[in-house]
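Commentary on secondary and tertiary structure
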Amino acid sequence: MYEVVYTNRFVKDVKLCVKRGLDISLLEETIDILQPSDLIITSTVYYKDNKFLKRTPENSDFNQYWFSEKTIQFILSQINTHGKERIGLISTPSIFFSLPKELQDKSYLFDIDDKLISKHKNGRKYDFNWTNYDENFSDLKASFDFIVIDPPFITEEAWSKFAAFGKYCGRCCFTSC
């Protein structure tokens, strides 16, 4: 059995290949094949630039600002450390779209931006001002192992509403950014 070991040298080499315009898609496929299925660390963060961050502009109309690659890497490592398999991501599209596809397909993104939620079958419209969760989300009540929340506003009202929705959807483990 092979063990995938990530090193700084590897990251530097891959960044150099990308900078030179080389196609690294075969390398990506190889890493995905070699990476054990129970290891929930997205290869996007470790060996190539995050495609979501590169292709998706932030939208100040929705107060959307993406996490840095380093922060995304940290949050994904916490998900991995806790062995969570079904994640509720509330207003955190940069985390959702950085998850490995296998985990993305078991998880849900809740966001106000129709353009983002339409990019994945598990994207759901969410407005923190909604109070009747059963009307829109009864199928997802208490269904997530881990919740990641990033309220767009730093007010007690916004944080309270996001926390209430997180408690509604989660079975345990709750992380707010």
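Presented here is an overview of the structure given in this document.

How each quantity is defined
- Residues numbered from 1 in each chain as written.
- Predicted model: local features only at pLDDT ≥ 70, side-chain atom pairs only at ≥ 80, totals over all residues.
- Heavy atoms only, no water.
- Helix = DSSP H or I, 4+ residues; strand = E, 2+ residues; numbered from the N terminus.
- Buried < 20%, exposed > 50% of the residue type's maximum accessible area, 1.4 Å probe, protein only.
- Contact = heavy atoms within 4.5 Å.
- Areas by Shrake-Rupley, 256 points an atom, 1.4 Å probe, with all protein chains shown as cover.
- Pairing = 2+ DSSP bridges.

1. Structural notes on the overall build of the protein
When you go through the protein residue by residue, the secondary structure sums to 10 helices and five strands. Burial analysis of the protein (177 residues in total) assigns 42% to the buried set. A fraction of 53% describes how many contacts in the protein between residues 6 or more apart in sequence connect residues 24 or more apart. On the protein, roughly 10,200 Å² of surface is accessible, and the fraction owed to carbon and sulfur atoms is 53%.

2. A look at the pairing of strand 4 (residues 146-149)
The two faces of strand 4 match: Phe146 and Val148 on one face and Ile147 and Ile149 on the other face are all buried. In this sheet, strand 4 lies alongside strand 1 (residues 87-90) in parallel orientation, the contact comprising four bridges. Among the inter-strand pairings, isoleucine 87 is bridged to a residue of strand 4, identified as phenylalanine 146.

3. Focus: unusual backbone geometry
Here the phi dihedral of serine 91 falls at roughly 60°; this positive angle occurs in a residue that is not glycine. Residue position: serine 91 is located in the loop between strand 1 and helix 6 (93-96). Despite not being glycine, alanine 142 shows a phi value in the positive range, around 50°. Among the structural elements, alanine 142 can be located in the loop between helix 9 (133-137) and strand 4.

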